[in-house]
Number of protein chains: 2
Amino acid sequence: MAAARVRSGGRPTLEEVAARAGVGRGTASRVINGSPRVSAQTREAVEAAVAELGYVPNRAARALAGNRTDAIALVVPESETRFFAEPYFSDIVRGVGAALADTEMQLLLTLAGNDRERRRLAQYLTAHRVDGVLLVSVHADDPLPDLLEQLGMPSVISGRRHAAETLPSVDSDNFEGARAAVDHLIARGRRSIATITGRLDVYGAQRRLDGYRKAVAAAGLDPDERLIAPADFSEEGGARAMRELLERRPDVDAVFAASDVMAAGARQVLRESGRRIPDDVALVGFDDSAVARHMDPPLTSVRQPIEEMGRTMTRVLLQEIANRSSGDGTEERPRIVLPTELVVRESS
Amino acid sequence: MAAARVRSGGRPTLEEVAARAGVGRGTASRVINGSPRVSAQTREAVEAAVAELGYVPNRAARALAGNRTDAIALVVPESETRFFAEPYFSDIVRGVGAALADTEMQLLLTLAGNDRERRRLAQYLTAHRVDGVLLVSVHADDPLPDLLEQLGMPSVISGRRHAAETLPSVDSDNFEGARAAVDHLIARGRRSIATITGRLDVYGAQRRLDGYRKAVAAAGLDPDERLIAPADFSEEGGARAMRELLERRPDVDAVFAASDVMAAGARQVLRESGRRIPDDVALVGFDDSAVARHMDPPLTSVRQPIEEMGRTMTRVLLQEIANRSSGDGTEERPRIVLPTELVVRESS
DNA sequence: ACAACTCTTGGGAGCGCTCCCAAGCGTACG
DNA sequence: CGTACGCTTGGGAGCGCTCCCAAGAGTTGT
């Protein structure tokens, strides 16, 4: 009746490890979870048993009993095809992966493009199927961040939605990056410096424009609004903006595009207008993507530390999760800004 | 004593749904899992309760009780930086995401670069923390696929390790793609057509070379081995190979590079040697990446249906998982080959 | 009218783990 | 020498769900 249940196949359980080590289940659990309240001798015995049996804890059981999942989600707005075109995504993932490498945390990838997927996502979160969320490339009007905040779900956002971002955030220094780019053009002797902006409802795009303005003003150049052409981060948008600029100010001698892709569009138009780069018009982009390296001429661009951002976001998130569970009420929301770097190539 | 336990906060459980619907836990479970053995009336009642309570099943509990995880892993060899540089990864992910959209399956992203991570990975699998695995960009000598096969873990591999791939696989038609590229060069009147290959221990690279050879032979051209330069998929390797080619056969009038990145390296060398593209030497790449579109001149390239591959891999995997659990012993290993497409631009 | 079936249904028995309480032991202190 | 505490330890009580068995209700056939 009370015969020991002998499990022949299958994965070993905590119970079996405990039996093998000659201790109780609770003690084995303590060792495996690194509790200090275990004698050295017992610890060794359990560790030996774990090694011999090749024990690996059952995640589902852990999650169920411990009311946590040991998993975080990376939420990617799939609709952002632009976003995907860059190595951005890969770099972020690499950074996240690196930061997670020493952890037991799993990385869940969630594409939230259409409404259908967003609904699923909301359910994930509602059901607490992850311990935290990394939000990447979120637009200002996205309801998700607020939803997460309401739910009290630890989250970190890449970039910001606006100046008063309430979520913990990790951003690159768009302002300084843009300023450095324009300063560089000024140092090269350019005087009529135009800019092609991204969608200005994206905070980063706004900041790049601010940086441009600041640099222009600081140099005492003419802050002609006709030198500012709004676009949408697309190649076609960049081309269109460049055409407008040439029409309004044919004397333009430098262009700072708020993305490499837009710069590529601008380059095309400049070429067609018979202008040489950089001889007639210097061109600088933003992102330092593959497009920049392979452009002809190679494009000077502002590099963002994407992988570093991924790593930092993850670290911040893990910290948030730890705070949350330890009931640490310190309500400081980290807002980290990472420096950018100007990579000078032949286009300027 | 037997007072109903009233749970005020927290997420609703199956038990609560059942109570609300006035049925038993088992019945509620049946409805939620779509069992047909429930009366229409009961089903409605339960569904109403689910809606009212906003019930979402607890994944961990499900996994624990059902001995499955409803999650699949996408295993990416992080060391493949080349791989990451392309939009390849993004496209695969998008395809996988699309195929998973109608499913309850979660996508786990696993970077398996160094040994440390591979060990973790082996543990994941050992502990059956996923229902299936998608392997992407695997080298011939990677031990992982065999390990998975031994463990009986449903898996699908992108590409193949060799001609006798044993795992279910989804590949693009490298052979036909290469042949089409070379045929196109021949149709353009080129006679001395060289090729720059990828690492030939990668099956796909070998197949592209085969396709090249086939096309050259079919056209009755001189199959001079000196027109074949091995490289390693890198830009620098492409440049080196191009130098060799020019040295051995200065009369070369076309080059088929087995990747866009290598083509970029070749282009550089061709330019430096004073040759014009395509006037003196036509150039064709493979992958149809961003590099191809932004090269000067824009590069003719062979497009692989990457997103489609991701979608197909996922479908195949889901099927494998279903077969496995239904005990369906049909041991046919799907091997799918998707067609490529030649995108003609100005370089040829 | 009764036996034999079929269709539904309820709920017990776990899944493997964490949490936590109480018990066992050893030691320091009055 | 007795009592109080601190450190370890064992194991019960769930976590929420699926599986499955047995019971109840309704049908059909003879």
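All of these numbers come straight from a predicted model, not from anything done at the bench.

Draft legend 1. Fine view of the overall build of chain A. Looking only at helices and strands, chain A has 14 helices and twelve strands in total. Taken over the C-alpha atoms alone, chain A extends approximately 95 × 35 × 35 Å along its principal axes. For chain A, with 348 residues in total, the buried portion stands at 55%. For chain A, contacts bridging at least 24 residues in sequence account for 70% of all contacts bridging at least 6. Surface accessibility of chain A: about 15,100 Å² in total, with carbon and sulfur atoms responsible for 48%. In chain A, 46 positive and 51 negative side-chain charges are present, and the distance between their average locations comes to 4 Å.

Draft legend 2. Summary view of the UniProt feature "domain: HTH lacI-type" (unreviewed entry) in chain A. Mapped onto this numbering, the UniProt entry gives "domain: HTH lacI-type" (unreviewed entry) at residues 12-66 of chain A. For residues 12-66 of chain A, the helix share is 69%, the strand share is 0%, and the end-to-end C-alpha distance is 20 Å.

Draft legend 3. View of the domain arrangement of chain A. Annotation of chain A at the domain level lists domain 1 (14-57), domain 2 (71-171 + 307-337) and domain 3 (174-303). Taken over C-alpha atoms, the centre of domain 1 of chain A sits 62 Å from the centre of domain 3 of chain A.

Draft legend 4. Main features of the protein's contact with DNA strand D. Around DNA strand D lies a shell of 27 residues, among which T27 and T42 of chain A together with L14, R25 and Y55 of chain B are the nearest. Looking at DNA strand D alone, sugar and phosphate atoms form 57% of those within 4 Å of the protein. Within the side chain of R30 of chain A, one N or O atom sits 2.8 Å away from a base oxygen of DNA strand D. Those elements that provide at least two residues to the surface near DNA strand D are α2 (25-32) and α4 (59-66) of chain A together with α2 (25-32) and α4 (59-66) of chain B. The element that contributes the greatest number of residues to the surface near DNA strand D is α2 of chain A, accounting for four residues. For the surface near DNA strand D, a count of residues per class yields nine nonpolar, ten polar and eight charged.

Draft legend 5. Spotlight on the protein's contact with DNA strand C. Contacts to DNA strand C come from 28 residues, most closely from L14, R25 and Y55 of chain A together with T27 and T42 of chain B. Backbone atoms, meaning sugar plus phosphate, form 57% of the atoms of DNA strand C positioned within 4 Å of the protein. Between DNA strand C and A65 of chain B, the relevant distance is 3.4 Å, taken from a base oxygen to a main-chain nitrogen or oxygen of the residue. Among the secondary structure elements, those contributing two or more residues to the surface near DNA strand C are α2 and α4 of chain A together with α2 and α4 of chain B. Its residues assigned to classes, the surface near DNA strand C comprises nine nonpolar, eleven polar and eight charged.

Draft legend 6. Structural context of the interface of chain A and chain B. Contacts between the two partners involve 45 residues from chain A, matched on the other side by 45 residues from chain B. Of all residues in chain A, R94, R129 and H294 of chain A bury the most surface against chain B, accounting for 15% of the area lost on that side. Remark: the boundary between chain A and chain B carries two salt bridges. Between R267 of chain B and D296 of chain A there is a salt bridge, and its shortest N-O distance comes to 3.7 Å. At the junction of chain A and chain B, the tally comes to four residue pairs in polar contact (both at pLDDT 80 or more). When residues of the side of chain A that touches chain B are traced back to their parent elements, those giving at least two are α4, α5 (81-85), α6 (88-100), β2 (106-111), α7 (115-126), α12 (260-272) and α13 (290-294) of chain A.

Draft legend 7. Spotlight on the pattern of salt bridges. This model, assessed by the stated rule, comprises 50 salt bridges over all chains. Of the charged contacts, one joins E341 of chain A and R303 of chain A as a salt bridge, the two residues approaching to 3.3 Å between their closest N and O atoms. In this pair, E341 of chain A is assigned in strand β12 (residues 341-343) and R303 of chain A in strand β10 (residues 300-303), connecting sequence segments 38 residues apart. Residue E341 of chain A is classed as partly exposed on the basis of its relative accessible area of 43%. By relative accessible area, which is 34% here, R303 of chain A ends up partly exposed. The closest approach of N and O atoms between D224 of chain B and R226 of chain B, which form a salt bridge, is 2.7 Å.

Draft legend 8. A look at the packing of α6 of chain A against helix α14 (residues 306-325) of chain A. Residue and element names in this part refer to chain A. Packing of α6 against α14 brings their axes to within 7 Å, and their N-to-C directions diverge by 45°. As the angle between them shows, α6 and α14 are arranged oblique. Of the two elements, α6 crosses α14, and the hand of that crossing is right-handed. In this structure, α6 uses Y88, D91, I92, R94, G95, V96, A98, A99 and L100 to contact α14, whose residues at the interface are I306, E307, G310, R311, T314 and L318. Taken together, the residues of the contact of α6 with α14 sort by class into eight nonpolar, three polar and four charged.

Draft legend 9. Local environment of the sheet that holds strand β6 (residues 193-197) of chain A. All names here are of chain A. Reading across the sheet, the six strands line up as β7-β6-β8-β9-β10-β12 and stay open at both edges, with mixed pairing between neighbours. Edge strands, defined here as strands with exactly one partner in the open sheet, are β7 (228-230) and β12. Strand-to-strand, the axes of this sheet are offset by a mean angle of 20°, without reference to chain direction. Helix α11 (residues 235-248) contacts β6, β7 and β8 (254-257) of the sheet and is inclined by roughly 150° relative to β7. Running at roughly 155° to strand β9 (residues 282-287), α12 makes contact with β6, β8, β9 and β10 of the sheet.

Draft legend 10. Representation of the relation of the copies chain A and chain B in the model. Between the two copies, chain A and chain B, the superposition gives an RMSD of 0.1 Å; the rotation angle is 180° and the shift along the axis is 0.0 Å. The superposition of one copy onto the other is thereby described by a two-fold rotation axis. When the interface residues of chain A are mapped onto chain B, 98% of them again lie at the interface, so the same face is used by both copies.

Draft legend 11. Focus on the confidence of the model for chain A. For chain A, mean pLDDT is 90; residues scoring 70 or higher make up 92% of the total. Contacts from residues 1-8 of chain A, a stretch scored under 50 in pLDDT, to residues over four places away or in other chains number two contacts.

Draft legend 12. Broad picture of the pairing of strand β1 (residues 71-76) of chain B. Residue and element names in this part refer to chain B. Most of β1 is tucked away, with six of its six residues classed as buried. Neither face of β1 is left uncovered, since the one carrying A71, A73 and V75 and the one carrying I72, L74 and V76 both have all their residues buried. Note that β1 and strand β2 (residues 106-111) share six bridges and pair parallel. By the bridge assignment, A71 is partnered in β2 with Q106.

Draft legend 13. Representation of the side chain of S155 of chain A within the structure. Here S155 of chain A shows up in strand β4 (residues 155-158). Discounting chain neighbours no more than four positions away, the residues touching S155 of chain A are V133, L148, L167, P168 and L317 of chain A.

Draft legend 14. Focus on the packing of helix α9 (residues 174-187) of chain B against helix α10 (residues 203-218) of chain B. Residue and element names in this part refer to chain B. Between α9 and α10, whose axes approach to 7 Å, the crossing angle comes to 40°. When the axes of α9 and α10 are compared, the crossing they make is right-handed. Where α9 abuts α10, its residues N174, F175, A178, R179, V182, D183 and I186 lie against G204, R207, R208, D210, G211, Y212, K214, A215 and V216. In terms of residue class, the contact of α9 with α10 is built from seven nonpolar, three polar and six charged.

What counts, and where the lines are drawn
Residues numbered from 1 in each chain as written. Chains lettered and ligands numbered in written order. Predicted model: local features only at pLDDT ≥ 70, side-chain atom pairs only at ≥ 80, totals over all residues. Heavy atoms only, no water. Helix = DSSP H or I, 4+ residues; strand = E, 2+ residues; numbered from the N terminus. Buried < 20%, exposed > 50% of the residue type's maximum accessible area, 1.4 Å probe, protein only. Contact = heavy atoms within 4.5 Å. Areas by Shrake-Rupley, 256 points an atom, 1.4 Å probe, with all protein chains shown as cover. Lys, Arg positive; Asp, Glu negative; His and termini not counted. Charge placed at Lys NZ, Arg CZ, Asp CG, Glu CD. UniProt positions renumbered as here; feature names shortened; annotations may be inferred. Domains from an automatic or database assignment. Near = heavy atom within 4 Å. Polar contact = N/O pair within 3.5 Å; in protein donor to acceptor, adjacent residues only side chain to side chain. Nonpolar A, V, L, I, M, F, W, Y, C, P; charged D, E, K, R; others polar. Buried area = accessible area lost by both parts, 1.4 Å probe. Salt bridge = Lys/Arg side-chain N within 4 Å of Asp/Glu carboxyl O. Axes fitted to C-alpha atoms, helices over the stretch in contact; angles between N-to-C directions. Parallel < 35°, antiparallel > 145°, perpendicular 65-115°, else oblique. Left-handed = near helix turned anticlockwise from the far one by under 90°. Pairing = 2+ DSSP bridges. Least-squares fit on C-alpha atoms with pLDDT ≥ 70 in both. pLDDT = per-residue confidence, 0-100.

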